[in-house]
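Listed below are the residues making up each chain.
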Amino acid sequence: MQKQVDEETLLLQDSKDAAYVIQINSKSEKTYVLVSLYVGVLLAALDGTVVASLLSHIASELGNLSFAPWIASSYMILSSAFQPLFGKLSDVFGRKRCLLACHTLFAFGSLLSGLSNGMSLLIIGRCIQGIGGGGLVALSSIVVSDMIPLRERGIYQGIGNISFGVGASLGGSFGGIVSDRFGWRYAFLGQITISCVAMSLVYSKLNEINTKRIEDACSQLQRVDFAGSFSLLGSLIFFFLALNLGGKYAPWRSPQIVLLLLLFVVLFLFFLRAEHRHPKKAIVPLNLFRSATVCICSILCLLSSMAAYSYIFNLPIYIEIVLGKSASASGLILAVNFIGVMFGSLSSGFIMRATGGYKVLLLLSGLIYFVNCSVLYHFDVTTPTKMQALTVCCLGFGYSSIVTVSLVALMSSVSPRLQAVSSSVLYASRGFGSTVGVAVSSSIFANSLRYYLSRYVTGPERQRIIDLALSSSDAVKTFPTRYKLQAIQAYMSSLKIVFGFILILSALIWLVSIPMKQHALNRPTETLEEA
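Note that the structure is a prediction, hence the values are computed from the model and not measured.

## With respect to the packing of aromatic side chains
Enumeration according to the criterion identifies 11 aromatic pairs in this entry. Residues F264 and F268 carry aromatic rings whose centres are separated by 6.0 Å and whose planes lie at 35 degrees to one another, so their mutual orientation is tilted. Of this pair, F264 and F268 both sit in helix α11 (residues 255–277), 4 residues apart, which is roughly one turn of that helix. In this structure F264 comes out as buried when scored by relative accessible area, which is 17%. Taken together, F239, F264, F268, F271 and F432 form an aromatic cluster joined through their ring pairs. Taking the ring centre of Y483 as reference, the NZ or CZ of R482 above it sits at 5.5 Å.

Here it is as structure tokens:
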């Protein structure tokens, strides 16, 4: 067992300085609180993918098909952008009030989306849902960190990862089934009841004690760094808008995209200045990043999420276009990935509880991820189905283990006073990574496909075939045999470039893991548990 090293930073000081402490009076109360948290995570993840099967129904009723992609993008952008804020806000206002506010926003956004009579109102509803959903994901980790001893935290965070995976996996199926039976509106309206049940559990079972003097609303608001909050929020929104618009609606070098990226840089610099000037009110304290462990964990979550979402979004193209299989077959492969996620999340938690260490587990998980990304890079038309399934399962295992270990390692390196903010930063890195991964891999694929189609496609109908292949991947299935084989070759070569990008990310993940320090996992939680 590795020698446990304490990192000499200011982050481990003032461990008794928490303003709010969660009190658990019984095991049943603890169970109810955890259920409410995991339900919130499941709903937030489900809403990220539920619209995949609803877009055609929504567009046919509300019109404005060109705005349909923003029904999904608006939710993801606002969810990712708001996550870094909830750590500090929950320190100021308390976990319970923030959880209730997020459930209220989520339920109101669901109501607005379900009752919308136009595309604009629907997108506004999705934005409100995104704010609430981002808070539910971030706050679930924060509350679990408050309730559960550090050595056991990996198990409960693993269950949270499983809840997220279940929601993300079932979102499309849930939306399709509900839409076919009751109409697309009920895919949103049906979530209100579930959110209200979770909200009632939070209200009745989550007991939170204010250990400091009681402050009025004005005093609490004065502790919030609004300049830093709005500049960080604005910078992230502009950055995500640039990623979602670039290459799809406007060229990357167009004035619109350049302006969005410039606004991102300016606002982010303003955010750094605001945090430096008001360190006591900082939404993300800059001294947090003096810890090598915090930096390493954030980078690991960023890179692993980039890689994971890159293969999740590109594997269906390989299964359906290159191999010519059905959408059900690609769905089955992604379900196998979820099995790996579930096993990796739970097993890594149990291993950390049994051994009290995470460094070796992190290195092994990173190695598993790298090896299977190498296998993924060598996928072609002859790769056996069993090899595909095993590789994708191991990718899910490696990804979930890395994320779970990173969160526990981060929590072990900071004081309880900074755990809420640290959790938010980590989940923001994860959301940031997933958004960047999808955008970058999609851009790589689109540019590579354009190049390889012009290189491989020959014949009298060359230009028409290229235009069709670029506009719709489903069109490839209807091509004459000669053109179909040429297009599939172009698709496979383009996917090779994407898989190579994923392989590079996996190598970086393992290299970044090497300097990670081992911290003690026996530090007690600040929760008052009388069970």
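## Topic: the pattern of salt bridges
Summed over all chains, the structure comprises 3 salt bridges. With a shortest N-O distance of 2.6 Å, R126 and D47 are connected by a salt bridge. Taken together, the residues R126 in helix α6 (residues 119–147) and D47 in helix α1 (residues 27–49) connect sequence positions 79 residues apart. The same class applies to R126 as to D47, namely buried. The salt bridge partner of R464 is E461, with a shortest N-O separation of 2.7 Å. Overall, E461 belongs to the partly exposed group, its relative accessible area being 34%.

## A few points about the environment of L269
Relative to the assigned elements, L269 resides in helix α11. For the pair L269 and L232, spaced 37 residues apart in sequence, the C-alpha separation works out to 9.1 Å.

## Digging into the packing of helix α12 (residues 292–322) against helix α15 (residues 385–413)
Two elements in contact, α12 and α15, have axes whose closest approach is 9 Å; the angle formed by their N-to-C orientations is 160 degrees. When the interaxial angle is binned, α12 and α15 end up roughly antiparallel. Between α12 and α15 lies a crossing of left-handed hand. Considering only residue class, the contact of α12 with α15 consists of 17 nonpolar, 7 polar and no charged.

## Quick word on the nonpolar core
Generally speaking, soluble globular proteins have nonpolar side chains that are buried together. By size, the foremost hydrophobic cluster in this structure holds 137 residues, and its most contacted members are I58, L315, Y369, Y491 and I502. Tallying contributions element by element places α12 first for this core, with 16 residues. Apart from residues no more than four positions distant in its own chain, Y491 is found in contact with I317, I321, V322, F445, L449, A469, S472, S473 and V476.

## As for a nonpolar patch on the surface
Side chains of V265, F268, L269, L272 and L286 sit close together on the surface and give an oily, nonpolar patch of about 380 Å² of accessible area. Turning to its location among the elements, L286 is positioned in the loop between α11 and α12.

## Considerations on the confidence of the model for the chain
Taken as a whole, the chain shows an average pLDDT of 82; of its residues, 89% reach a score of 70 or greater. Summarising per-element confidence for the chain, the mean pLDDT is lowest in strand β3 (residues 528–529) (34) and highest in helix α14 (residues 359–377) (94). In the model, residues 1–17 has pLDDT below 50 throughout and makes 46 contacts with residues more than four positions away in sequence or in other chains. Note that residues 525–531 has pLDDT below 50 and, in this model, 31 contacts with residues that lie over four places away or in other chains.

Reading guide: rules and limits
- Residues numbered from 1 in each chain as written.
- Predicted model: local features only at pLDDT ≥ 70, side-chain atom pairs only at ≥ 80, totals over all residues.
- Heavy atoms only, no water.
- Phe/Tyr/Trp six-rings, centres within 6.5 Å; stacked < 30°, edge-to-face > 60°.
- Helix = DSSP H or I, 4+ residues; strand = E, 2+ residues; numbered from the N terminus.
- Buried < 20%, exposed > 50% of the residue type's maximum accessible area, 1.4 Å probe, protein only.
- Lys NZ or Arg CZ within 6 Å of the ring centre and 35° of its normal.
- Salt bridge = Lys/Arg side-chain N within 4 Å of Asp/Glu carboxyl O.
- Axes fitted to C-alpha atoms, helices over the stretch in contact; angles between N-to-C directions.
- Parallel < 35°, antiparallel > 145°, perpendicular 65-115°, else oblique.
- Left-handed = near helix turned anticlockwise from the far one by under 90°.
- Nonpolar A, V, L, I, M, F, W, Y, C, P; charged D, E, K, R; others polar.
- Core = buried A, V, L, I, M, F, W, Y, C linked by side-chain atoms within 4.5 Å.
- Contact = heavy atoms within 4.5 Å.
- Patch = residues over 30% accessible without salt bridge, like charges linked within 9 Å, V, L, I, M, F, W, Y side chains within 5 Å.
- Areas by Shrake-Rupley, 256 points an atom, 1.4 Å probe, with all protein chains shown as cover.
- pLDDT = per-residue confidence, 0-100.

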